[in-house]
Each structure stands twice: as structure tokens, then as C-alpha cells.
Amino acid sequence: MTDTRGPQPPQPPQAQAQAGPQQPYHPPQAYAAPSGPAAPRGGGDTGAQRKPRTGARTAPRTRKARLRVAKADPWSVMKVSFLLSIALGVCTIVASVVLWMVMDAMGIFSSVGGTISEATGSNESNGFDLQSFLSLPRVLIFTSVISVIDVVLMTALATLGAFIYNLSAGFVGGVELTLAEDE
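Residues numbered from 1 in each chain as written. Predicted model: local features only at pLDDT ≥ 70, side-chain atom pairs only at ≥ 80, totals over all residues. Heavy atoms only, no water.

Novice: Quick one: what's the story with the overall build of the protein chain, residue by residue and with numbers?
Specialist: The helix and strand tally for the protein chain stands at 5 helices and 2 strands. Order of helices (α) and strands (β) in the protein chain, N terminus to C terminus: α-β-α-α-α-α-β. With 183 residues in all, the protein chain has 11% of them scored as buried. Partitioning the contacts of the protein chain with sequence separation of at least 6, the portion at a separation of at least 24 is 74%. Put simply, the protein chain shows about 15,500 Å² of open surface, and 63% of that area lies on carbon and sulfur atoms. (Helix = DSSP H or I, 4+ residues; strand = E, 2+ residues; numbered from the N terminus. Buried < 20%, exposed > 50% of the residue type's maximum accessible area, 1.4 Å probe, protein only. Contact = heavy atoms within 4.5 Å. Areas by Shrake-Rupley, 256 points an atom, 1.4 Å probe, with all protein chains shown as cover.)

Novice: Lay out a nonpolar patch on the surface in plain terms, naming residues and giving numbers.
Specialist: Taken together, the side chains of Phe-82, Leu-83, Ile-86, Val-90, Val-94, Val-98, Val-102 and Met-106 make up a nonpolar region of the molecular surface, amounting to roughly 730 Å² of accessible area. Structurally, Val-90 can be placed in helix 2 (residues 74-106). Taking the relative accessible area as the measure of exposure, Val-90 reaches 48% and is therefore partly exposed. (Patch = residues over 30% accessible without salt bridge, like charges linked within 9 Å, V, L, I, M, F, W, Y side chains within 5 Å. Salt bridge = Lys/Arg side-chain N within 4 Å of Asp/Glu carboxyl O.)

Novice: Just give me the short version of helix 5 (residues 136-172), but keep the residues and values in it.
Specialist: With 37 residues, helix 5 extends 52 Å between its outermost C-alpha atoms, agreeing within 8% with the 54 Å of an ideal straight helix rising 1.5 Å per residue. Burial in helix 5 covers these residues: Val-139, Thr-143, Ser-147, Val-151, Thr-155, Thr-159, Ala-162, Asn-166 and Ala-169. For helix 5, the secondary structure elements touched by its buried residues are helix 2. Just downstream of helix 5 lies Gly-173, where phi reads positive at about 100°. (Expected span 1.5 Å × (residues − 1).)

Novice: Give me the side chain of Ser-81: which residues, what numbers.
Specialist: Examined against the element boundaries, Ser-81 turns out to sit in helix 2. Taking the relative accessible area as the measure of exposure, Ser-81 reaches 10% and is therefore buried. With residues near it in sequence (within four places) discarded, Ser-81 still touches Met-154, Thr-155 and Ala-158.

Novice: Residue-level account of the pairing of strand 1 (residues 64-69), with values.
Specialist: Among the 6 residues of strand 1, 0 are classified as buried, and the element is accordingly described as predominantly exposed. With 6 bridges joining them, strand 1 and strand 2 (residues 175-180) adopt antiparallel strand pairing. Across the sheet, Ala-65 pairs through a bridge with Leu-179, a residue of strand 2. (Pairing = 2+ DSSP bridges.)

In short, the description is geometric, and any link to function would need to be established separately.
Set out below in C-alpha cells:
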């Protein structure tokens, strides 16, 4: 074995006897060798344990993933848009009934109806009757027709949008999303 440490000054025989037998050179290591049943065999300090740094960051790291929406299934888009448009239609009907009841309780139909019948009436006829024209059954029928048309149109447009998205995603690759995990 050759010594690569360079020239050493000669040591007196007493110093060699005090130093004991020569040990092989081990370079310094950043971390102590692991100990335990899964530790690799051979060498290493078995009593040393790695201690945490005092200035270590304690906040957990958030994992992020970049994903790309390459295709939207038209059948699933149609089902979801159908259910959402039905929910919107029901909300529209309920809102129109509540609005009609509030306006009727405030007396808006009677006061506006009286003004319109005076303006449109003559000596022989009473004029236009707004209260009978804007009765609750008529408002419900009109709102229901609008809601059914809305359900059909929203479902068809969302499904057509899924087809158009799939075509454009084939050319440009789709929409890229970055998702982060909460911890």
C-alpha cells in the first residue's frame, strides 16, 4: 500500500509506540452510516446518529402536479349539463313564484293594473286587465316553458362544446392544469 498523504516528518520511536498500531485512512463522511437490521454490512460508526439541523424548515412542502385535460367525454358532459340545467330550471320556477307572491302581497299588480286600465279604457270598455293577464297559473306556465327550452338548449350546447373541445384539443394538446395537494 502506498501513502499518498505526502512526505511526513520522521517520528521518534517513543511517539510510534504511544500512537499504537497504524489505522487505515477513512475520509470524512457527511452522514453517519445507518445502523440496524437493514443497514449495509461492513464498516461505519454504529453508535452515531444523525441529528436534525437547528435551522431546518418545519413547514410541510406542497406537492404539485401538472396535468393536461386531453379529452372530455361528450356523454358524461351531456349527463352533467342535463342535471345542472334541470336544477337551474327548478330554481327559476321557484324564484318566479316567490317574486310573484311578494309583488302581489305589496299590491303592485293592483296599483299598476288600475293605472293601465284607466289609460287604455274608454267609456264603453274597462281597458286592459293586468291582474288577470299576470295571474299565478299563467306565470307558472310561461316560466315552465322557458325552463324546458333552457334545459334542452343548455344540454345540447354543452354536448356540442365537448365535441368542439375534443377537436381543438387534438390540435393544441388541451388545457394544462397545475394541481396542488393540501396537507
